[in-house]
Amino acid sequence: MAVINHGAGALGTENWNLTTDEHHITGTPTINNGATVTIIPGATPNPIRFDGSFRLTTTAFGSGILTGTGTAANQITWQHNGAATTWYEDGSNRSVQCDGTGGWTVVYHDFIVSHFAFYPTAGTNTFTNLRVRGGRFAGNNGFYYQPTGGTNTFTDVECYGCSGTVWGQGGAVSAGTNVVRRIFIDGGEIGADLNITG
């Protein structure tokens, strides 16, 4: 199986096939404007690995897209690299971050000692069937959801053991058309800044 490293720099349109390749986040790659990164689930479990305190993101308020649809039996997993004994939730920024005009589809993803932050500003975005285990975004949140536009579905999200300080989740849903349902927190608290107004 080939090992593909994604370091700092721009990503164009490409497929990450988890059946044939092992993908590592070795820097902070940015999905370029107009580009789409498509994750194809592996035939057997093959996590995308963070090799340090890095994140995958888009150009700020840009049009890059991440899409990856797993299934209940075959999920897409993001996790810290190395032995599990090194995975302590140290607040490092191992994250997947949507910060742009949208069009993201993130379905059946597991974030193990990593986390996600979604800030869509436009487009149609689907974030469903997500699990976060022991991750903390910006030192405190297991995940962060703060759309300022777009048509967004954010449902069936589970967060376990993400209370590094007091939050299991944070976010302020302030704009756009949003469906937010079935958010489950175990070992943390729903952030006091949760404010669904859109």
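Being a predicted model, the structure only gives us computed values, none of them experimental. (Residues numbered from 1 in each chain as written. Predicted model: local features only at pLDDT ≥ 70, side-chain atom pairs only at ≥ 80, totals over all residues. Heavy atoms only, no water.)

Caption draft 1: How the structure looks around the packing of aromatic side chains. For the structure on display, the rule yields 10 aromatic pairs. With 6.2 Å between their ring centres and 5° between their planes, Trp 78 and Phe 111 make a pair best called stacked. Here Trp 78, found in strand 10 (residues 76-80), pairs with Phe 111, found in strand 12 (residues 105-112); they are 33 residues apart in sequence, far enough to count as distant. Phe 111 sits in the buried class, given a relative accessible area of 1%. By way of ring pairs, the aromatic residues Phe 50, Trp 78, Trp 104, Phe 111, Phe 116, Phe 118, Phe 127, Tyr 145 and Phe 154 are connected into one cluster. (Phe/Tyr/Trp six-rings, centres within 6.5 Å; stacked < 30°, edge-to-face > 60°. Helix = DSSP H or I, 4+ residues; strand = E, 2+ residues; numbered from the N terminus. Buried < 20%, exposed > 50% of the residue type's maximum accessible area, 1.4 Å probe, protein only.)

Caption draft 2: Structural view of the side chain of His 6. Checked against the element boundaries, His 6 lands in strand 1 (residues 2-6). One polar contact links His 6 to His 23, side chain to side chain, over a distance of 2.7 Å. For His 6, the contacting residues outside a window of four places in its chain are Leu 11, Glu 14, Trp 16, His 23, His 24, Ile 25, Thr 26, Gly 27 and Pro 29. (Polar contact = N/O pair within 3.5 Å; in protein donor to acceptor, adjacent residues only side chain to side chain. Contact = heavy atoms within 4.5 Å.)

Caption draft 3: Representation of the pattern of salt bridges. Overall, the coordinates contain three salt bridges when judged by the stated rule. Note that Arg 49 and Glu 22 form a salt bridge whose closest N and O atoms lie 3.7 Å from each other. Here Arg 49, found in strand 7 (residues 48-50), pairs with Glu 22, found in strand 4 (residues 21-25); they are 27 residues apart in sequence, far enough to count as distant. (Salt bridge = Lys/Arg side-chain N within 4 Å of Asp/Glu carboxyl O.)

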